[in-house]
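So the chains spell out like this:
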Amino acid sequence: QVQLVESGGGLVQAGGSLRLSCAASGLTFSTYAMAWLRQAPGKEREFVAGISWGGGSTYYQDPVKGRFTISRDNDKNEVYLQMNSLKPEDTAVYYCAARYGSRWSPTYEEYDYWGQGTQVTVSS
């Protein structure tokens, strides 16, 4: 049974930092591209960042470029999202997702497995 378990969310002031983690089990982690997506209240789920199966390639949506960093540790079966210079508009539930193959996708329907999400709230 595949499980993706996120952790590290919380309440932070604008300008602060958080590091999200996602622990994967039940799959051959190194054969999956990984991504972080988020969903704010009343909005659709949106792609935030993706990383290839080996970690050599990453991609970020414009609103988070230069502030967020995605990384992975294939020995630990974990993926991370370091979030710096947080803004109130970053407030959302953050999900990690796994997509079989080398490349991420900006389309959330193309992911095979999802975590339960972790809440990030940024106060102004």
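Rules used throughout
- Counting from 1, residues in each chain are numbered in the order their sequence is written.
- Reporting in this predicted model follows two pLDDT cut-offs: at least 70 for local features of residues, and 80 or more for side-chain atom pairs to be given and counted; totals over whole chains, interfaces and linings ignore these cut-offs and use all residues.
- Calculated side-chain values reflect all of the structure's heavy atoms, with hydrogen atoms and water omitted.
- Going along the chain from the N terminus, every DSSP run of H or I of four or more residues is numbered as a helix, and every run of E of two or more is numbered as a strand.
- The buried label applies to any residue whose accessible area, calculated with a 1.4 Å probe on protein chains only, is under 20% of its type's maximum; exposed applies above 50%, and partly exposed to all values in between.
- When charges are counted, Lys and Arg are positive and Asp and Glu negative, with His and the chain ends excluded.
- Counted as salt bridges are all cases of a side-chain nitrogen of Lys or Arg within 4 Å of a carboxyl oxygen of Asp or Glu.
- As used in this structure description, the phrase polar contact means that two N or O atoms lie within 3.5 Å; if the pair is within protein, one of them must be able to donate a hydrogen and the other to accept it, and residues adjacent in sequence are counted only when both atoms belong to side chains.
- Note on definitions: a residue-residue contact is assigned when non-hydrogen atoms from the two residues lie within 4.5 Å.
- Here, a strand pair is defined by DSSP locating no fewer than two bridges between the strands.
- Only C-alpha atoms enter the line fits that serve as axes; for helices the fit covers just the stretch in contact. Angles between N-to-C directions range over 0 to 180 degrees.

## Here's the deal with the side chain of Glu6
Looking at the element boundaries, Glu6 is found in strand β1 (residues 3-7). Despite its burial, Glu6 pairs with no opposite charge, the nearest such side chain being Arg45 at 7.8 Å. In this structure the side chain of Glu6 is engaged in a polar contact, spanning 2.9 Å, whose partner is the backbone nitrogen of Cys96. At a separation of 3.0 Å, a polar atom in the side chain of Glu6 contacts the main-chain amide nitrogen of Gln116. The residues contacting Glu6, other than those within four sequence positions of it, are Ser21, Cys22, Trp36, Tyr94, Tyr95, Cys96, Gly115, Gln116, Gly117 and Thr118.

## Let's talk about the environment of Gly101
Relative to the assigned elements, Gly101 resides in the loop between β9 (92-100) and β10 (113-114). In this structure, the C-alpha to C-alpha distance between Gly101 and Tyr32, residues 69 residues apart in sequence, is 5.1 Å. Setting aside anything within four residues of it in sequence, one finds Gly101 in contact with Thr31, Tyr32, Ala33 and Trp53.

## Digging into the pattern of salt bridges
By the definition in use, this model includes 5 salt bridges. Its salt-bridge partner being Lys65, residue Asp62 comes within 3.0 Å of it at the nearest N-O pair. Take Asp62: its relative accessible area is 57%, and that puts it in the exposed class. Assessed through its relative accessible area of 45%, Lys65 is described here as partly exposed. Linking Asp90 and Arg67 is a salt bridge whose minimum nitrogen-to-oxygen distance equals 2.7 Å.

## Some words on the sheet that holds strand β7 (residues 68-73)
Read across the open sheet, the 4 strands follow the order β1-β3-β8-β7; overall the sheet is antiparallel. Each edge of the sheet is formed by a strand with only one pairing partner; in this case those strands are β1 and β7. Within the sheet, the average angular offset between the axes of one strand and its neighbour, ignoring direction, is 15 degrees. Here 6 bridges tie strand β3 (residues 18-25) to strand β8 (residues 78-83), and the two strands are oriented antiparallel to one another. Its bridge partner being in β8, Arg19 is matched across the sheet by Gln82.

## Description of the side chain of Asp90
The topology assignment puts Asp90 in the loop between β8 and β9. What makes Asp90 buried here is its relative accessible area of 0%. A polar atom in the side chain of Asp90 sits 2.7 Å from the side chain of Arg67. With near-sequence residues (within four places) excluded, Asp90 lies in contact with Arg38, Arg67, Phe68, Ser85, Val120 and Val122.

## Points about the pairing of β9
Judged from the 8 bridges that link them, strand β4 (residues 32-39) and β9 form a sheet pairing that is antiparallel. The partner of Ala35 across the bridge, within β9, is Ala97. Taken together, the 3 bridges between β9 and strand β11 (residues 118-123) define a ladder with antiparallel strand orientation. Within the sheet, the bridge partner assigned to Tyr94 lies in β11 and is Thr118.

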